[in-house]
Structure formats: structure tokens, C-alpha cells
Protein chains: 4
Amino acid sequence: MFNTLGNLLSLTTFGESHGAAYGGIINNFPAGLKVDFEKIQYELDRRKPGQSAIVTQRKESDTVQFLSGIFEGKTTGTPIGFMIENENQKSKDYDHIANSYRPSHADFTYDQKFGIRDYRGGGKSSARETINWVVAGALAKQLLSDIEINAYVSSVGEIFCVKPYQDLDFSKTESNEVRCPDAETAEKMISKIKEIKKEGNTIGGTITCVIKNVPVGIGEPVFSKLQAELAKAMLNINACKGFEYGSGFCGAKMTGSEHNDEFNTDFSTKSNLSGGIQGGISNGMDIYFRVAFKPVATILRPQNSVDKDGNAVTVEGKGRHDPCVVPRAVPVVESLAAFVLADLFLINKTRNTNQF
Amino acid sequence: MFNTLGNLLSLTTFGESHGAAYGGIINNFPAGLKVDFEKIQYELDRRKPGQSAIVTQRKESDTVQFLSGIFEGKTTGTPIGFMIENENQKSKDYDHIANSYRPSHADFTYDQKFGIRDYRGGGKSSARETINWVVAGALAKQLLSDIEINAYVSSVGEIFCVKPYQDLDFSKTESNEVRCPDAETAEKMISKIKEIKKEGNTIGGTITCVIKNVPVGIGEPVFSKLQAELAKAMLNINACKGFEYGSGFCGAKMTGSEHNDEFNTDFSTKSNLSGGIQGGISNGMDIYFRVAFKPVATILRPQNSVDKDGNAVTVEGKGRHDPCVVPRAVPVVESLAAFVLADLFLINKTRNTNQF
Amino acid sequence: MFNTLGNLLSLTTFGESHGAAYGGIINNFPAGLKVDFEKIQYELDRRKPGQSAIVTQRKESDTVQFLSGIFEGKTTGTPIGFMIENENQKSKDYDHIANSYRPSHADFTYDQKFGIRDYRGGGKSSARETINWVVAGALAKQLLSDIEINAYVSSVGEIFCVKPYQDLDFSKTESNEVRCPDAETAEKMISKIKEIKKEGNTIGGTITCVIKNVPVGIGEPVFSKLQAELAKAMLNINACKGFEYGSGFCGAKMTGSEHNDEFNTDFSTKSNLSGGIQGGISNGMDIYFRVAFKPVATILRPQNSVDKDGNAVTVEGKGRHDPCVVPRAVPVVESLAAFVLADLFLINKTRNTNQF
Amino acid sequence: MFNTLGNLLSLTTFGESHGAAYGGIINNFPAGLKVDFEKIQYELDRRKPGQSAIVTQRKESDTVQFLSGIFEGKTTGTPIGFMIENENQKSKDYDHIANSYRPSHADFTYDQKFGIRDYRGGGKSSARETINWVVAGALAKQLLSDIEINAYVSSVGEIFCVKPYQDLDFSKTESNEVRCPDAETAEKMISKIKEIKKEGNTIGGTITCVIKNVPVGIGEPVFSKLQAELAKAMLNINACKGFEYGSGFCGAKMTGSEHNDEFNTDFSTKSNLSGGIQGGISNGMDIYFRVAFKPVATILRPQNSVDKDGNAVTVEGKGRHDPCVVPRAVPVVESLAAFVLADLFLINKTRNTNQF
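Quick caveat: nothing in here was measured; it's all calculated off a predicted structure. (Residues numbered from 1 in each chain as written. Chains lettered and ligands numbered in written order. Predicted model: local features only at pLDDT ≥ 70, side-chain atom pairs only at ≥ 80, totals over all residues. Heavy atoms only, no water.)

Caption draft 1: Looking closely at the relation of the copies chain B and chain A. For the pair chain B and chain A, the best superposition has an RMSD of 0.0 Å and corresponds to a rotation of 180 degrees with a translation of 0.0 Å parallel to the axis. The relationship between the two copies is best expressed as a two-fold rotation axis. Most of the interface of chain B is mirrored in chain A: 100% of its interface residues are interface residues there too. (Least-squares fit on C-alpha atoms with pLDDT ≥ 70 in both. Contact = heavy atoms within 4.5 Å.)

Caption draft 2: How the structure looks around the interface of chain B and chain A. If you look at the interface, chain B gives 107 residues, while chain A gives 108 residues. Note on chain B versus chain A: buried area summed over both sides is about 8,500 Å², and carbon and sulfur give 61% of it. In terms of surface lost to chain A, no three residues of chain B exceed Lys 113, Phe 223 and Lys 241 of chain B, which account for 11% of the buried area on that side. Taken together, chain B and chain A are joined by four salt bridges. Our enumeration of links across chain B and chain A arrives at 53 residue pairs in polar contact (both at pLDDT 80 or more). Residues belonging to the side of chain B that touches chain A are distributed by class as follows: 41 nonpolar, 46 polar and 20 charged. Bridge count for strand E11 (residues 240–245) of chain A against strand E11 (residues 240–245) of chain B is three bridges, and the pairing is antiparallel. If you follow Glu 244 of chain A over to E11 of chain B, its bridge partner there is Gly 242 of chain B. (Buried area = accessible area lost by both parts, 1.4 Å probe. Salt bridge = Lys/Arg side-chain N within 4 Å of Asp/Glu carboxyl O. Polar contact = N/O pair within 3.5 Å; in protein donor to acceptor, adjacent residues only side chain to side chain. Nonpolar A, V, L, I, M, F, W, Y, C, P; charged D, E, K, R; others polar. Pairing = 2+ DSSP bridges. Helix = DSSP H or I, 4+ residues; strand = E, 2+ residues; numbered from the N terminus.)

Caption draft 3: Broad picture of the relation of the copies chain A and chain D. The transform that puts chain A on chain D rotates by 180 degrees and translates by 0.0 Å along the axis, for an RMSD of 0.0 Å. Most of the interface of chain A is mirrored in chain D, where 100% of its interface residues again form contacts.

Caption draft 4: Summary view of the environment of Val 325 of chain B. All names here are of chain B. By secondary structure assignment, the location of Val 325 is in the loop between strand E16 (312–316) and helix H8 (326–347). On the accessibility criterion, Val 325 (17% relative accessible area) is buried. Taking the C-alpha atoms as reference points, Val 325 and Phe 223, 102 residues apart in sequence, are found 31 Å from one another. Setting aside residues up to four positions removed in sequence, Val 325 forms contacts with Phe 293 and Val 296. (Buried < 20%, exposed > 50% of the residue type's maximum accessible area, 1.4 Å probe, protein only.)

Caption draft 5: Structural detail: the interface of chain A and chain D. At the interface, 39 residues of chain A touch 39 residues of chain D. Summed over both partners, the interface of chain A with chain D comes to about 3,100 Å²; 69% of that surface belongs to carbon and sulfur atoms. The largest share of the area that chain A buries against chain D comes from Leu 67, Phe 71 and Ile 116 of chain A, three residues that together contribute 19% of it. Contributions of two or more residues to the side of chain A that touches chain D are made by strand E1 (10–15), strand E2 (21–27), strand E5 (74–75), strand E6 (80–85) and helix H2 (107–114) of chain A. Along the lines of polarity and charge, the residues of the side of chain A that touches chain D split into 16 nonpolar, 17 polar and six charged.

Caption draft 6: Here's a closer look at the sheet that holds strand E10 (residues 205–212) of chain B. One open sheet holds the ten strands; their spatial order is E9(A)-E8(A)-E10(A)-E14(A)-E11(A)-E11(B)-E14(B)-E10(B)-E8(B)-E9(B), and the pairing between them is antiparallel. With partners counted over all chains shown, the strands left at the sheet margins are strand E9 (159–160) of chain A together with strand E9 (159–160) of chain B, one partner each. Pairing analysis gives seven bridges linking strand E10 (residues 205–212) of chain A to strand E14 (residues 287–293) of chain A, with the strands arranged antiparallel. Along E14 of chain A, the bridge assignment pairs Ile 211 of chain A with Ile 287 of chain A.

Caption draft 7: Broad picture of the sheet that holds strand E16 (residues 312–316) of chain C. Residues and elements named next belong to chain C. Spatially, the three strands line up as an open sheet ordered E7-E15-E16, and their pairing is antiparallel. Where the open sheet ends on each side, the last strands, each with one partner, are strand E7 (100–101) and E16. Pairing of E7 with strand E15 (residues 302–307) involves two bridges; the strand directions are antiparallel. Directly across from Ser 100, in E15, lies its bridge partner Asp 307.

Caption draft 8: Unusual backbone geometry, seen in detail. Cis geometry is found at the peptide bond from Pro 221 of chain A to Val 222 of chain A, where omega equals 15 degrees. Among the secondary structure elements, Val 222 of chain A is positioned in the loop between E10 and helix H5 (226–235). Here Asp 62 of chain C, not a glycine, exhibits a phi torsion of approximately 50 degrees, which is positive. The topology assignment puts Asp 62 of chain C in the loop between helix H1 (37–47) and strand E3 (64–66). With a phi angle near 75 degrees, Phe 267 of chain D is a residue other than glycine that sits in the positive phi range. Tracing the sequence through the fold places Phe 267 of chain D in the loop between helix H7 (256–259) and strand E12 (277–278).

Written out as C-alpha cells, the structure reads:
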């Protein structure tokens, strides 16, 4: 159903930025998996605010509580309910926008659509919602234990990590605040972000994600092709403006003779410009895609705007905000990729009588 | 459900390239719309093969028959079943690939996933499936009569239409074979495609789509944001490798002060780098997005490949194929956009008690 | 999605009684099943009109054409589109009700809901829709080859088949027009129906269905329990007024000590008053349920009614109608049971990591 | 999606009987409703254990906390997350069945399906899950403020309330422990239950539900007819064995001339044997249906059973259990009816362009 992530394995969530808690329910997670709770908390810690100088300073422990669906450390197959309480809301920071619309935020559209909005911290439109996706994705990752999902920051503003991913050492991604595994580029990125932060400004970036060891056959043409489900998941992330996989927008510039991905006799392909997916189904090669994020909308400068009655106002960002969201979005991208894959992986168990 | 397009208004389809017919069922189309059948056939004619020198020469009338759900010219609210018969299959053209895997096609993945595939014409993986989407989208367009959806070819290979869309006259889009409203660029594109075709090669391109007069409030955060539903639909199109909306990948290079989309006192926004969507919901400004297509995989040259038993083979394209698919994909992009919008437009009627 | 039968394996249908055709699309049927087309046509023949003196005399060949999803006799895993053309519509028989509302029919409610209805033959509300369910159920039966599904007429009016199902020989069900395997009761039922028919009247009845060899574990608590999915399917059949399984309404009169279904050491149960389902999941014992059908609403006598403008009118049934619908509903009940089971059977393949 | 209640308005739940908490997420509840929290708690109090001598003595406050989706007392249109903590688990009462299968419970089937179960209190299979449905239904009731939904106990064992519902005063339903509005019958029922309880036994019963003031047009043929959605919801209730609406199983004994529901000139119908639904759509007349419940499976007597290794064992109920569940099921039936109606009511806003 819409407003749920996933088709068979599914995630339904709730939560507002300054509400009591976030949480969700994971339905149809298979029974019998021994859950590694530390790994889940680790992913949450990667995402959480207040962890470095280049992200928001909101302090939350982001501790997840599992309320059902796990018994004596194993999944039972019944719905997994979880919750993360909000601890460090500073709602006063948002009083000024109770009746005004911040540029490039969802204030105006929520008011128009619903006639009411919890304005504090952006309410439902806050990116804090992604905390729920990390819990679900962390569990999904454990189901797909052979699959390796590695995302990293591939650009910040006009600073690009130019090395192809095959030349990167993903074990280095967590070694710096900006989550770029190329140390040299990471340094430039961090400088830039600090500079931007001092100016009270924000900056955009991109994340590249590489998925290895995906079994062949995952994806459901015609309307749930693997790349389409990934695209939908990513374009649901706050601030995401674009998605491309394999050769992406570059492929649009190429000819067939340049682009075609010839088979070797072991069924691997030569160039993998396909990006590991053909006809909407994984072919066993690395899946790689790139996601674009616009700069965070809240900047600490006055901006021209309007209030709900149509009067011109000035809006200035208060509170604690990220100068650049992409480092924190890395575990979010991985989590969504894991969940999408797990869902289609499970569905794939039902598609061929030869497996019965 | 997965393998359906849409959430409330939904399209389920069937058909293989060399099977008896394509067709589909549109569920939950509201009752009472007077159907303009000519407009539907017009959209199908825009998409169909054999219409110009720069597309495939397969001859199909692509005439749609409606089998239910329309009575005395009006929709009844009951399921609309439709069918388009295949007339001009040349299955012999595909005998050679019954057991071989064509590069960058879905032959290998379908065989792996299903253990069986209708190889003729690519079977289910053929882009002829999009004919169904055009029927559904054409009906959806009629439901959204105030909304204007215009797509056009914005690049072919390295030839770009550099004018911003605001400077283009969409009434010119149909005036040339490549569907680029800028006559000068169109000429270059057509030359290029003809050159490519002579070489027995293919070339990629991009399509830009602009949607005007969208009412505010369309889109369902958190998992069915308007941009995400559009992205999923587009990434399901054969050969699509990427999607971006508003500032897209360029936005990732910008700062917040450059990118933020300030409000005017009439609630319109200044730059519309948002692309008409904020917080996943339409804000009344033009929605614009760009879709990337890799070159068509079938080229009329020998390529190295493998057969199902792992033996090296040579595969050479036979049959009738497009040198460049983007002109024919223009009505497909518009149709999908129309259907996604119509679905979310209908859902939006249920989201606010003020409207009851 | 709603208006679809099934959750993973799904059926979407179209068709109106006097429209061009009925048909449907079966999504996510697994690949690799060798289809027995004769068995499918056999089930359709069991359901079709005009086959005996005690059912409607409308003559249709009810021949199904498969348009996709089956290649060289095997399912491909891609959507299976099928169609059955209407041949013998006598629309003139319905002119008189274009503007009037027949008692106990859907004329009034369709007009109110949709503002428009195809009145001919009842349009979408006609039970001819069930022809689609028989096609889908017949295919589902072939997927569940070990499972035996046998339905039979257990009552017509006040004539009951009093033997418990365990004492019946299901191979006798097809040996008489009323599909009651107890010859003596069948004779009384047939007499009654012929008497009713002569009077231009109709009569209700019930169908009992017994399903043997169901593997343990089928059903998805909490909202898709096996009995609930069966109940929903059955209550969607035209004229169905009730559903009970296992001890049913009788169980409501019993005490726990009388009703409890003790286990034997081989995990079978003693009484099976449970009806083969516990906690919403099959337990391996026979599943048995009973479905109630009201008398067909069209009777060949004048009835008081109203037209769309609120004027009192007299309505008299014309055309060809069943005096008793339950014999023809027997294959419909079996088909729905098969489809529901197949859907939950497939889902069950994803619910336990021990099976992976 | 399966394992969710509802199609557009949807409820997803979690919780095990002796786990930390129950809870759920209501998706797509429209924005702008002023929530009456007292009414919700009132419905929960009607359902909760420990409230009278004829129900279980487990003590829970059953207080619901809303965690999102409601702001300044009004629904925001965003997901409504809620939670009810478990306070009074006595898990020791269940140690003895950790490895044994209680008759007529879900112990065996859960073990078979999932390979693991939280056995304490029946885990997910406990009827305590219905607490979640009451929260959701109570909110749904507030959305449908004109509609009156009244359920009552119509039989306990062989004691029947013989008065037709039209002769009952529903305001009396809450005036006695057994929730039967006919005082005389109520007295007999209470006596019977007390007697049964003393014997350590349990007894079944039925509930009748009457819904007034339903607008015309609610229900979605062909697969989501109103009666089918109600049937599915009810058959998901623990211990439910049957559902009938309108004339129900009695209608199966009637002839068409007896059963047909003639129209008056104001479009009301004379007999309403239809039960307020025709062609799967509400017709404005009272909707009435009856639900059958088998006796609660846990009885305080030794029963023969088996353990997971196939050894014969004796199982004796410990803990606190209901001798008769139907009084507590009354608010559950009303809640489910409310939710199903609200869902279809919202969907109906999208089905007819005349309303746009």
C-alpha cells in the first residue's frame, strides 16, 4: 500500500520531529533470524545528530526499543514494533514559523494539503523520520548477510571524489566525518563544509552506493523493477533531487556500441555499465547508483518569505541544523537499499516453481 | 500492490512482444467522464512504431479496443479493460536468440529468474509494453483536464537543447520527428540519428517533462512523495537510467543561499529550483523533471556473448529496431506522469476533513 | 490492493454482462507450471449457463483465450492475461429496467454510487463476473496439485443433505444437475427447483466445501487469517449472505469441554471442530466451510418498485435466469478457495528463515 | 497490503500478550478532526479485562498513548502512532505450555509455520491484540459521526435474545455485564456464564451488530464489497467461526418471492432482508449482521494433548481467562465495523466525477 515502504516485507512509520517519539512496524519479516542489536544501534549512531562538528548539534541518544516480534533474541515472524523517543526537542526554536512559510521547506504545502501542521521542527516533514528507515534497513541487512552494501559521499558542492568506486577502500568510509573513503578528497570536503557553516550557509552533495554479491533474479518487472524501487525509496529521502544507476545520465550520451555490456562465458559482464540490473532484475554484477541532495533548506540568514495570510515576512533559521546533510544520509541510503533488496529477495522466493 | 502502477487508481497490464495482444485493466477510474477516444488513439499513434525514418519499421496499427468500463461514451467507475492486438510480429527474427543472451538485454536475467522466457521480440521485457501505459495515461490526462503535461527530447547523444524550457514553444514538439521543440537543435539531432542508424548503431538521450497548473497538495509523504512516485514510474521505462527533478544533480553543487526558493506574497516561488514539489507535495509551481535513456541495446553489429550453456557465441541484431528510442518515449513519459498525478490527485480528495 | 483478489498472487478482472467480453490478469503466478488447458475449460463448463433444465438458458460457449504469460504450454511468471467473449447477450430483455430499480438487485446502489450504470444484464453487478474467478481458480488448483478441493450443494430451500461430508462420495457430485453427492437428496432438490421454476420463482441454498491435504502453516495472522480471506472471497460472490467454517454457528452454542479439539500424538486432532484452521493458520486437518446463498433476485412475476425519479412502477423479470444459483456456484466456490489458498501458500514461502 | 486492516485508511499493529506493549499505526486518517480522547478510552474500558465477574481477572489499565499524528487536539493527516503498555503479565502461568500444544489454540500452528513462538499468554495469537482494533475503530467512529453502530450479545450457548433488533433499546446494552439489551435474556445469560465459570468451563455465543444512517454508495465491487470487507474483519477476530448479514443463512431457505426486498417510492426498501447492502454497496437501510464465537479454548480442566516432540501430555489451563468472550467482543465488533466503513467511506469520495 502507499505510504508504506516495501511490498511484501513492509515498513510503516510514525513520528514528528518534536512529538513524543518516532517508531514503526516491520511486517512480514521472516521468523528465525538471530538479531544483532548492537549492529542496529551502530547504524543508528552513524545517522544520529550531534556526532561531529560538521553536522547538527541536536543531542539525541537515538536508542531504539523493540516492543514485539523478537523473542529470546530471534524474530518470530510476527510484526516487529519499535520506538525511538525524542529527547532533545527545543520547540521554542520554531515558534517564529508557526505561521510563516520557510523557503524550500514543506511548511506551505503541508498547510495547504492538510489545513493543519505540527510546525515544530518541521513536524512530519523533518528528516528525523529517516531514523525509522535505519532501524528497518539495519534488520534487513542482517537478513541479507552475504550482500555488502556500501555507500559513501561522492561529492560536496563542486568537490568530487573522482576515483571510480573500484579503486576505493570502503573500510575507510567511517574514518572521517564526511564519510568519503578517499582521504584527500575528504579533507577538502570537510574544509568546505566548515567554511560554509561559518557563513551560516548550507551545501549539497551526492552519495554513491555500491552493492556486491547480489544474487541473480531480484526485481519484479514490469512495475517493480529493482532500479525503480530503489529510485522511489531514494527520492523519498528529504532533500533528494535525483537518482541514477549504472551509466546514469552519462549513458544517455553514449552509443550502443560503446554502452553495450557484453557477456563473458561465466555470465559476468565486461563493462557493467548496466549497473548490475538488466530488464529490472539483478544479474549478479555490482549494483551501483548515485543520489543527489540539494543543500539543506534552513540557513542561518534572513530570507524573504510570506506568512499564511499572504504578508511579506523575513524568516531566519534558528535552532540546530546541518550545514551539509550528506554524511548523515549515508546510512539512510544503505538502509533503504537493504530494505528494498530484502523485500524483493523475499518476493523472489515465490516466482519460480523450480524452487518449490 | 507491486507489479501494478498506481495506488488507488491503478493499472495492471499483460502482454508479450510476439504474443497475441497487449492489454490492461484500469481500476478505480472515477465514473462520469466523457471519454475522448480520438485523443487516446492520438497518443498511441505518437508512440507507435514505423512512423518515421528514425524509428523502428515494425508496422502495427496499435488500435486499442475498450472491453468494459465505458458505457454510452462515459466511464462507469467499473474496471476498464482494454486490449491492443499484435499484428506484425516477425518471430523468425528472434530464433537466433532463443538460447543466447543478447548484451544489455533481459534475456539472461529472465532465464535465471523464471527458468523460462518467451524470447521472441524480448517477450515481456520488450518496450512494446509501454503501449499499455499510454492508454492508461491518455485516460488519466482527460481526468486532469486543467493540467498541461508536455515532454520533449532535450538531448540526443551529446547534442543538447540548451534553451530553458520557459523559452520553448511546446506546440512545436510534434512538428519534427525527434520531438524537440527547438527547430535548430532538432535538425542536428535528426542528422545524428540518421548517421547512427546507417552505422547500424544506436544512441541515447534525455527527455524533459514540464507539468503546469498542478493544484497544490498532490503527493503523499512519507513514502509516496510525488517525486518518488514519478521517479519509480520513469525508472520502470525500458532503457531509463536516471531521473532528476527541479535543480536535480546540479542542485547538489549549490549552496543553500543560492538554491533556496523564496516565496512571493501570492505563494508562488521565485526560482522554482524546487521543481514544483516541496516536502513531497506539489506547491502549484511548474513541476519539471528529466529522464535519461541509455542507447537501445539491439545494434546491427556482431557482439560477443554467451549462450545458456556458457559457450561463447556471437550475437547480431536482426529485425526492426529503433536507433534512438527517445522520440517514441515522449508520450510514454507524459502518460506515466499523467497517471501518477491522477492517482495522487484522487487520493488527495480523502486527506482533509475540510473538503468533506 | 482493494478490488483485487489475492495479496501476492493476484487477480484483477473486468467485464460487464452485455459488454464485449470478460477477462482478467493474474499477477505473480509462478513460472514453470505446465498448464492443463482442458482442466480449465472443464471448470468453465461446469459453471456455464444453459447446461441443464434447472439453470438459466443463456447460451455461451465460455471459451477462454489466454493472451500472455504462457509460453510453449508453461507459465512464464509474467502476467497472465485472459479473455472470454460474450456471445449471447439479449440486451432488449433489459430495456425496461434502464430507468427502474429491480428489487434486491444492484440497480439503485450503482446509480447512486456512480451516477451511471450499464443496466444491460446487470452490467458489472451480474454474476457472470464469476467466470473470471473460475479461470484464475482453475490455474491455482493446478499449482496446488496435492490439495483436493470439493464443494457440493448441501441445501436447497428447506431440503438439507444431512449426511456429514465424511460419508459422502465426492466423485458423485457431478453425476446430477444439482451437484449434491447424495443421490436421494439430490432428487428432492431437483424436484423442488423444477417446481419453483414453473412458478416463475427462485430459491436459495447452501454450498459446503471440503479441502483436504492442506499443508500446515497456511494463513497470515493477524489480518489475513486463512478463514478471513476465505470469508471475504465468498462474501464477494453475488447472492452470498453468510459464511461459517468448522463448527460455525453451531460452535457458538457449545461449551469449551464439548468443543475443544484435542491433539493426537501425531499432531492430528480428534474432532476437527476447528475446521482445519487454528489461530488463522492451517493445521493439516480438513478445512470445511459452508456458504449461504439467498434466492436469485430476478423472478418472473411482477414486483412493486420505483424508477429513478421516484415514481412507483411494476417490474417484471424478463430474460433468462437461474431458478436456483447454487449448482452453478459450486465451481465458483472451489475456484475462490483454490486461489485464496494458492496466494497464502506462496506467501508462506517467505515467512521462515528455516526454509531459505 | 495483507496483514493490514483497511485499504486506504489502514491500520498496522504490533504486540504480543506478554511483550512490552501493543500498538499500531493508523495511516491516511484525514486531517482536521478534533479528537475526543475520552471516547476512545471509554471504548477501551468497555473491552478491557477485569471489569466484571464474568470475564477474565487480568488487571490492565489499557491506557492508550498517542505518539504522533495529533497536534493541538486535531488529526494532522500524518500517521497516527499509538501504544498501550502491558502491565499485568503473569508469564509463569504459561511456563507449562512452552513446549506443549493446547487444544484449539494456535500453539501448534505457530510453531509449525514460524519455527518459533512467544508462548507466553499465547503471544501474538492472544485476543489482547484486539485492543489495537478498538483504538483505531474508536477514531474511525468519530470520523463517521452521523453513523450509529450498535452491537450486542444476541446469544450465549443456547440462550437466545429472540426479539428482533428493531424492538431493542440499545441504550440498555451497557446496563448489564453481558451486554444484552433485553434485561430478561441478559439475566439468563449471566446465570449461565457464572455456572459455566464455576465448572471451569467456557461457552460460546453470538453478537449482532446494527448500523444506522449509513449513506448510500459505500462499498467497492467486485472484490471489496462492503459485506465482504466486514466478513473478513470479523473472521479475523479470535474465536470467530461465522458471519452472516441481512437474512443470512435463513435467506438460503427462502424463495425469491418471499425474500425480495421491494422499493418504496422514497427508495427505502420494505423488508430490508438485504441487510442494507445490495450489489456490495450500502443502500441507506440499516446494515445488520451476526457473528458467531466458539467457546474460549482455555478451560480450567485437564485435557489430553501432545508436546512438540510428539509425546502425549496433559494440559491444564492456568492463569486468568474468560468463561465467555462475547461481552468483551462487543466493542471489538463495533470498532471493526467502524473502521471498515470509514475506509470505504473515504474511498467512495474518489469514485464519481460528479462529486469533484
